[in-house]
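Inside the fold
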Amino acid sequence: MDQKTRNPASEDRPAEPDAAPPTVCARCGAVSERTPVTWTCSVEGGVRRYFCDDCARAHLRSIEGRLDSAWW
């Protein structure tokens, strides 16, 4: 018996998810539409916090010392 092949571009394909919300720097409030690969991510108190390039560079030693952002 022959079976029909499915077309991957057909309506069986799940709908595109909504665009992710913009990423905001937890320190200075800089906004980026997508999370840049050069930004730093830290988990503090179970919450993800993102820091832009400038903030990450300015507080590099504190980040490497694993201090919470409240300390710097």
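Residues numbered from 1 in each chain as written. Predicted model: local features only at pLDDT ≥ 70, side-chain atom pairs only at ≥ 80, totals over all residues. Heavy atoms only, no water.

Structural notes on the environment of Cys 41
Spelled out, the test is: Secondary structure elements follow DSSP: runs of H or I no shorter than four residues count as helices, runs of E no shorter than two count as strands, and numbering proceeds from the N terminus. Think of it in three bands: with a 1.4 Å probe and only protein chains considered, a residue is buried below 20% of the maximum accessible area for its type, exposed above 50%, and partly exposed in between.
Counting through the fold element by element, Cys 41 comes out in strand β3 (residues 40-44). The class for Cys 41 is partly exposed, based on a relative accessible area of 36%. The spatial distance from the C-alpha of Cys 41 to the C-alpha of Ile 63 is 10.0 Å, given a sequence separation of 22 residues.

A few points about the pairing of strand β4 (residues 47-51)
Note the cut-off: Two strands form a pair only when DSSP identifies at least two bridges running between them.
Relative to β4, β3 runs antiparallel, the two sharing five bridges. Residue pairing across strands places Cys 41 opposite Tyr 50, the latter belonging to β4. Counting the residues that bridge the hairpin from β3 to β4 gives two residues, and of these Gly 45 lies at a positive phi of roughly 65°.

A short note on the pattern of salt bridges
Under the convention used in this document: Salt bridges, as used here, are contacts in which a Lys or Arg side-chain nitrogen is within 4 Å of a carboxyl oxygen on Asp or Glu.
Per the stated rule, a full pass over the model turns up two salt bridges. Between Arg 57 and Asp 54 there is a salt bridge, with the nearest N and O atoms lying 3.8 Å from each other. With a gap of three residues between them, Arg 57 and Asp 54 both fall in helix α1 (residues 53-58), about one helical turn apart.

Quick notes on the side chain of Glu 44
Heads up, the rule is: Two N or O atoms form a polar contact when they lie within 3.5 Å of each other; inside protein one atom must be a possible hydrogen donor and the other a possible acceptor, and for residues adjacent in sequence the pair counts only when both atoms belong to side chains. The criterion used for residue contact is that any of the two residues' heavy atoms lie within 4.5 Å.
Mapping Glu 44 onto the fold places it in strand β3. Among the residues examined, Glu 44 registers a relative accessible area of 8% and is labelled buried. A distance of 2.9 Å separates polar atoms of two side chains, one belonging to Glu 44 and the other to Ser 69. Residues within four places of Glu 44 in sequence aside, it is in contact with Arg 49, Phe 51, Asp 68 and Ser 69.

Just distances and angles here, no functional claims.
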